[in-house]
Amino acid sequence: IIVEAGATLTINGEGTIEAVTGNDGYAVIADGVVIINGGTFKAGVDSAGEANAVVYVRGNGEAYINGGVFPNENNSAFVLNKKDADRATTKIEVRGGEFTAFNPANNAAEGAGTNFVAEGYKVEQSGDVYTVVAQ
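Parameters at a glance
Residues numbered from 1 in each chain as written. Predicted model: local features only at pLDDT ≥ 70, side-chain atom pairs only at ≥ 80, totals over all residues. Heavy atoms only, no water. Core = buried A, V, L, I, M, F, W, Y, C linked by side-chain atoms within 4.5 Å. Buried < 20%, exposed > 50% of the residue type's maximum accessible area, 1.4 Å probe, protein only. Helix = DSSP H or I, 4+ residues; strand = E, 2+ residues; numbered from the N terminus. Pairing = 2+ DSSP bridges. Phe/Tyr/Trp six-rings, centres within 6.5 Å; stacked < 30°, edge-to-face > 60°.

Asks: Account for the nonpolar core, naming residues and giving values.
Replies: The tendency in soluble globular proteins is for nonpolar side chains to be buried side by side. Ranked by internal contacts, the top residues of the largest apolar core, which has 27 residues, are Val 55, Phe 70, Leu 80 and Phe 99. Within the residue set of this core, elements represented by two or more residues are strand S4 (28–30), strand S5 (33–36), strand S7 (55–57), strand S8 (62–70) and strand S10 (91–100).

Asks: Give me the sheet that holds S4: which residues, what numbers.
Replies: Sheet architecture is open: four strands sit in the order S1-S4-S7-S9, paired in parallel fashion. With partners counted over all chains shown, the strands left at the sheet margins are strand S1 (2–3) and strand S9 (80–82), one partner each. Strand direction decides the pairing type here: S1 and S4, joined by two bridges, are parallel. Residue pairing across strands places Val 3 opposite Ala 30, the latter belonging to S4.

Asks: Would you mind going over the packing of aromatic side chains in detail, with residue names and values included?
Replies: Aromatic rings considered in pairs are described by the distance between their centres and by the relative angle of their planes. The full count for this structure, using the stated rule, is four aromatic pairs. Measuring from centroid to centroid gives 5.3 Å for Phe 41 and Phe 70, while their planes differ by 15 degrees, and the two rings are stacked. Of this pair, Phe 41 sits in strand S6 (residues 40–42) while Phe 70 sits in strand S8, placing them 29 residues apart in sequence. Both residues of the pair, Phe 41 and Phe 70, belong to the buried class. Ring centres of Phe 99 and Phe 102 lie 6.1 Å apart, and the angle between their planes is 50 degrees; on these two criteria the pair is classed as tilted. Take Phe 102: its relative accessible area is 3%, and that puts it in the buried class. Aromatic rings pair up to connect Phe 41, Phe 70, Phe 99 and Phe 102 into one cluster.

In structure tokens:
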């Protein structure tokens, strides 16, 4: 799914969005605004077999994750990720969701210790599952 600049997409429900394998194996690319309230999101792998981000934000894009399941079956270190050149103009904010093998409050997506969790929220860990909840 590619959300173009100036557009807003809200994703609700219980369905699954799974990226294709290839150069850009992202499930969601945000040039505009993406709001995720539910569903299951799976990344693909690139042409070299490396895991890609599930949600990739670039340009002036914004991603707000309020829920959903991110199983991280390819063990990506960058489940949520910003395009490096666009870090200053993009936004990722997590207020909910269940992430496997990826802590949205402490990851390496934008450098060691990256925190995408919104103020007033925290991560609860059970094994390798990180669930974002209100404080």
